[in-house]
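What follows is each chain in one-letter form.
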Amino acid sequence: QFLSLCAPLTQEHPEVLPFLSARHLRAHPAFRGSAEFRNILGRLLRRVRGRRRKVYVYINELCTVLKARALRRRLPLHALPAATPRSTSANQCPDGASQYPHGASQYPDGAPQCSDGTPHAPSQCPNTSSQHPGAPSQPPEPSGRRAGGSRRQIRHLEHLLRVYAGEIRRLQERELDLAELDSADSPYLQENRLKRRMMRIFRRLCQLKDCSSLTGRVLEQRIRFRGTRYPEVNRSIERFINRPDAFPDYSDILREIRGASARHRLGLGRRQMENMAQEAFREVGNRLQERRHLDLVYNFGSHLTDEYRPGT
């Protein structure tokens, strides 16, 4: 239904919908059939019907959601060779379960594997410690991955987001006088504090749900820099300009070029690095400015004017 609605609106870029379909196929099947995904689609359908000119913004938002829930490819892990010179056959595990470096929880599907890469239960391995009564049993080490939050925690944080959103909406609709504008606790400052709290709650909620905190904004898109002929310099400048809230000046770019030249022994002269920094600074500044401008165009506005249509 979403694709059929977007098809006539994206005829100028026919490659967008196949890309979205591929994202949908790579998403986790449990998420594709969940109520959360249906709610997201329903909200985006309403937005596309109301504001057709922003169809690409909503498609990008859906792609970001699907990317965060994509299936991860798991590479097969191979057991480390035994410390003793005793060899094992190709279809047997190393002698003793303690040979596994990180415990069973580190292997794909949570099960240890034989050396041929096939998972099995501990009782099915010919040489596990269960068949050697004298071998000491070692409990698996805890995994470093943070466990997801309980449903009660998630419901509580989602309720807080709804409460804060309603309070922000009330503050935006409030009539102000000059005395309140000069107040140290004006509605503008209250709204700013609530928004900061909402961002902290949102990041915590993403951790509990084990999903990405990306929102699809243009500012979150990584800038690829290929402005010089030296890949080492390009990588150094790219890492610097993609830092949060980075808007470098000429001296910052020149410092990155000098550092890359010294680390990788490029042998660049002083005049050459200065010319390179000037060209890179102009290109970086233009691309950062363009990205901020697009983000402002896509996100500027208020719910007070969402229903406004010229001529009505």
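Per an unreviewed UniProt entry, the protein chain goes by the name Death domain-associated protein 6 and belongs to Calcarius ornatus. Here is the UniProt Sequence similarities (unreviewed entry) comment for the protein chain, exactly as written: "Belongs to the DAXX family."

One non-glycine residue, Asp-210, lies in the positive phi region at around 60°. Along the chain, Asp-210 falls in the loop between α8 (187–209) and α9 (231–241). Taking relative accessible area as the criterion, Asp-210 reaches 44% and is therefore assigned partly exposed. Phi at Arg-265 takes a positive value of approximately 55°, unusual for a residue other than glycine. Here Arg-265 is to be found in the loop between α10 (250–264) and α11 (270–299).

Another aspect to go through is the state of the cysteines. Scanning the model with the defined rule gives zero disulfides in all. Between Cys-206, a cysteine without a disulfide, and Cys-211, which holds the nearest cysteine sulfur, the sulfur-to-sulfur distance is 4.3 Å.

Evaluation of the coordinates by the stated rule reveals 17 salt bridges. In this structure, the salt-bridge partner of Asp-295 is Arg-217, at a minimum N-O distance of 2.4 Å. With Asp-295 in helix α11 and Arg-217 in the loop between α8 and α9, the pair connects residues that are 78 residues apart, well separated along the chain. Relative accessible area serves as the criterion here: at 6%, Asp-295 is assigned to the buried category. Its relative accessible area of 36% is what places Arg-217 among the partly exposed residues. A salt bridge links Arg-255 to Asp-252; the shortest N-O distance between them is 3.1 Å. Separated by three residues within a single helix, Arg-255 and Asp-252 lie in helix α10, roughly one turn from each other. In this structure Arg-255 comes out as partly exposed when scored by relative accessible area, which is 46%.

Using the criterion set out here, one finds one aromatic pair in the structure. Between Phe-31 and Phe-37, the aromatic rings sit 5.2 Å apart at their centres with planes inclined by 50°, giving tilted as the arrangement. A relative accessible area of 4% means that Phe-37 is categorised as buried.

By size, the foremost hydrophobic cluster in this structure holds 19 residues, and its most contacted members are Phe-2, Leu-20, Ile-59, Leu-62 and Leu-66. Taken together, the elements giving at least two residues each to this core come down to α1 (2–6), α2 (16–26), α4 (35–50) and α5 (55–68). Considering every element that reaches this core, the biggest residue donor is α5, with six residues. Setting aside residues no more than four positions away along its own chain, Leu-20 makes contact with Phe-2, Leu-3, Ile-59, Leu-62, Cys-63 and Leu-66. Formed by 18 residues, the second largest nonpolar core is a distinct cluster that contains Tyr-230, Ile-253, Leu-254 and Ala-280.

Attention shifts here to a positive patch on the surface. Residues Arg-196, Arg-197, Arg-200 and Arg-203 make up a contiguous surface patch of positive charge. Following the sequence through the fold, Arg-196 ends up in helix α8. Of the residues examined, Arg-196 reaches a relative accessible area of 52% and is grouped as exposed.

Tracing the sequence through the fold places Glu-256 in helix α10. Despite its burial, Glu-256 pairs with no opposite charge, the nearest such side chain being Arg-255 at 4.6 Å. Apart from residues lying up to four places away in sequence, Glu-256 is in contact with Ser-236, Ile-237 and Phe-240.

Take the packing of helix α6 (residues 151–172) against α8 next. At a minimum axis distance of 9 Å, the contact between α6 and α8 shows a crossing angle of 160°. Taken as axis vectors, α6 and α8 run roughly antiparallel relative to one another. The hand of the α6/α8 crossing is left-handed. A class-by-class count of the residues in the contact of α6 with α8 yields 15 nonpolar, three polar and seven charged.

About the thresholds
Residues numbered from 1 in each chain as written. Predicted model: local features only at pLDDT ≥ 70, side-chain atom pairs only at ≥ 80, totals over all residues. Heavy atoms only, no water. UniProt positions renumbered as here; feature names shortened; annotations may be inferred. Helix = DSSP H or I, 4+ residues; strand = E, 2+ residues; numbered from the N terminus. Buried < 20%, exposed > 50% of the residue type's maximum accessible area, 1.4 Å probe, protein only. Disulfide = S-S within 2.5 Å. Salt bridge = Lys/Arg side-chain N within 4 Å of Asp/Glu carboxyl O. Phe/Tyr/Trp six-rings, centres within 6.5 Å; stacked < 30°, edge-to-face > 60°. Core = buried A, V, L, I, M, F, W, Y, C linked by side-chain atoms within 4.5 Å. Contact = heavy atoms within 4.5 Å. Patch = residues over 30% accessible without salt bridge, like charges linked within 9 Å, V, L, I, M, F, W, Y side chains within 5 Å. Areas by Shrake-Rupley, 256 points an atom, 1.4 Å probe, with all protein chains shown as cover. Lys, Arg positive; Asp, Glu negative; His and termini not counted. Charge placed at Lys NZ, Arg CZ, Asp CG, Glu CD. Axes fitted to C-alpha atoms, helices over the stretch in contact; angles between N-to-C directions. Parallel < 35°, antiparallel > 145°, perpendicular 65-115°, else oblique. Left-handed = near helix turned anticlockwise from the far one by under 90°. Nonpolar A, V, L, I, M, F, W, Y, C, P; charged D, E, K, R; others polar.

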